Amino acid sequence: MRTYILSAVLILLLVISIFTIPNLSKQTTYRDSEQQGLDEQITIHFSHVVAENTPKGRTALYFKELVEEKSGGQIHVELYPNGMLYNDENEMTALQHNDVQMIAPTYSKISNDVPEWGVLDLPFLFENETDVTRVLSSEVGDTLRQALEKQGIHGLGFWQNGFKQMIAKDAPVQTLADFKSKRMRTMASNVLAMQAKLLGATPQAVSFDEVNSVISKEAIDVQENTLSNIYSKSFYKEEPYITRSNHGILGYGVLMNQRFWDSLSTESKGIITLSMQEASAWNEKIARKMNMDDEQRMKAYGTHFYTLSTHEKARWKRTLQPLYHEFQQKDYRDILDAIERQLHQKTPTSSQ
Ligand code: SIN
């Protein structure tokens with residue numbers, strides 16, 4: 001009888017608990033006013049190919065901080081540096097498929113999909129960083145950004161790294177004869193491939209994440225890059241001869257998937273645009289300093305530095321002149337003319 005009463009009490013308790021203890025799966029969907037904000041949280045996945053301690057890596061971090069602060073944490077920027085997610089070869093497709101929402105490839109790499117951007121690869125086009133910023137803030141920058149739209153890309157802005165220098169394994173390249181029969185690593189870009197050929201070298205397009213591997217296999221003899229990229233990737237350890245040639249610029253288009261951009265509220269777009277403006281102004285200041293600091297570090301390590309003489313520079317310029325004719329003959333003549341117009345309106349304060 002006692003067992004019967006005990007069982008009846010247990011069954012009763014079980015029935016009561018089923019109706020009074022809240023269902024756990026429903027509890028997880030319970031919302032209070034704070035949690036509703038989380039529903040609206042936006043995550044921007046931003047992939048790039050360089051180390052964090054480079055002009056692009058640090059500017060990307062600063063951009064993330066600004067966006068998160070200005071949005072009160074509602075817009076979150078997830079950074080994937082060093083090609084950990086996508087490399088030079090697949091980041092553009094990943095952006096177009098919205099697998100990531102932001103990338104910042106070099107002007108050279110963008111020119112494969114949007115040839116107008118190849119104008120920025122023309123050698124000796126700019127004399128100093130101030131001119132680059134000024135030209136890209138003019139109608140030239142607007143034209144380049146508009147050209148991205150046909151690829152489903154929204155151009156947020158431009159970041160700089162700096163001027164490219166030549167770096168070689170066995171001896172410095174100074175005269176044009178030094179390029180003869182050399183295998184030269186370039187970024188994938190028609191203009192850069194033609195530049196290498198005009199100099200007398202054989203171009204080899206190699207993705208940034210593969211450069212150390214081709215150096216160790218002795219598959220290249222010479223390459224061009226900025227001092228901060230040369231330092232952050234330790235290229236100088238295997239290729240200890242750097243020629244200060246300042247022959248071309250290396251900078252980035254900061255790109256967002258167009259459909260993703262269109263899906264954002266006006267307020268979110270405003271936060272991203274303002275953060276981009278602040279980050280770009282900051283980038284200009286740190287890029288030059290980082291390149292100078294990295295030069296000192298490489299000098300301390302024992303890297304050999306040579307500066308191209310005025311005479312040699314003039315010969316390089318003459319030899320590379322056909323690139324300008326080639327560009328002018330294409331449909332992009334207008335953009336080159338617009339750059340030249342801007343450069344001729346140079347202010348006296350511009351200096352190298
Ligand atoms: C980069 O700065 O994003 C990489 C440049 C390169 O491929 O040399």
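This is a predicted model, so every value here is computed, not measured.

Rules behind the numbers
Residues numbered from 1 in each chain as written. Predicted model: local features only at pLDDT ≥ 70, side-chain atom pairs only at ≥ 80, totals over all residues. Heavy atoms only, no water. Near = heavy atom within 4 Å. Polar contact = N/O pair within 3.5 Å; in protein donor to acceptor, adjacent residues only side chain to side chain. Areas by Shrake-Rupley, 256 points an atom, 1.4 Å probe, with all protein chains shown as cover. Nonpolar A, V, L, I, M, F, W, Y, C, P; charged D, E, K, R; others polar. Axes fitted to C-alpha atoms, helices over the stretch in contact; angles between N-to-C directions. Helix = DSSP H or I, 4+ residues; strand = E, 2+ residues; numbered from the N terminus. Parallel < 35°, antiparallel > 145°, perpendicular 65-115°, else oblique. Left-handed = near helix turned anticlockwise from the far one by under 90°. Contact = heavy atoms within 4.5 Å. Core = buried A, V, L, I, M, F, W, Y, C linked by side-chain atoms within 4.5 Å. Buried < 20%, exposed > 50% of the residue type's maximum accessible area, 1.4 Å probe, protein only. Salt bridge = Lys/Arg side-chain N within 4 Å of Asp/Glu carboxyl O. Pairing = 2+ DSSP bridges. Right-handed = clockwise from strand over helix to strand, strands pointing away.

Draft legend 1. Quick look at the site of the ligand. Around the ligand sit Val49, Val50, Lys56, Thr106, Lys109, Arg185, Met187, Phe208, Asn225, Asn229, Leu250 and Tyr252, and those are all the residues in its vicinity. In the environment of the ligand, an oxygen atom lies 2.8 Å from a nitrogen or oxygen atom belonging to the side chain of Arg185. Within the side chain of Asn229, an N or O atom sits 2.9 Å from an oxygen atom of the ligand. Contact with the protein chains hides 100% of the accessible area of the ligand, taken as 260 Å² for the molecule alone. Of the residues contributing to the shell around the ligand, the split by class is six nonpolar, three polar and three charged.

Draft legend 2. Expanded view of the packing of helix H4 (residues 55–70) against helix H14 (residues 266–301). At a closest axis distance of 9 Å, the pairing of H4 and H14 adopts a crossing angle of 150 degrees. Of the possible angle classes, the one that applies to H4 and H14 is roughly antiparallel. The way H4 lies across H14 gives a crossing that is right-handed. Counting all contacts with H4, which are made through Pro55, Arg58, Thr59, Tyr62, Phe63, Leu66, Val67 and Lys70, the residues of H14 involved are Ile271, Ile272, Leu274, Ser275, Met276, Glu278, Ala279, Trp282, Asn283, Ile286, Ala287 and Met290. Among the residues making up the contact of H4 with H14, the classes are represented as 14 nonpolar, three polar and three charged.

Draft legend 3. Fine view of the nonpolar core. Ranked by size, the top nonpolar core spans 49 residues in total, and within it Trp117, Leu120, Leu122, Phe126, Phe179 and Ile339 carry the most contacts. Dropping the residues within four chain positions of it, Phe126 is found in contact with Leu120, Asp131, Val132, Val135, Phe163, Ile249, Ile339 and Leu343.

Draft legend 4. Molecular detail of the environment of Gly302. Checked against the element boundaries, Gly302 lands in the loop between H14 and strand E9 (304–307). For the pair Gly302 and Tyr241, spaced 61 residues apart in sequence, the C-alpha to C-alpha distance is 9.8 Å.

Draft legend 5. Representation of the pattern of salt bridges. If you walk through the whole model with that rule in mind, you get 14 salt bridges. Note that Asp221 is salt-bridged to Arg183, the shortest N-O span being 2.9 Å. Note that Asp221 is positioned in the loop between helix H10 (211–216) and strand E7 (222–225) and Arg183 in strand E5 (residues 183–186), a separation of 38 residues in sequence. Judged by relative accessible area, Asp221 falls into the buried class, the value being 16%. Between Arg244 and Glu295 there is a salt bridge, and its shortest N-O distance comes to 2.7 Å.

Draft legend 6. Representation of the pairing of strand E6 (residues 202–205) in the model. In terms of strand pairing, E5 meets E6 through four bridges, oriented parallel. Its bridge partner being in E6, Arg183 is matched across the sheet by Thr202. You can see the chain leave E5, run along helix H9 (residues 190–199) and come back into E6, and the turn it takes is right-handed.

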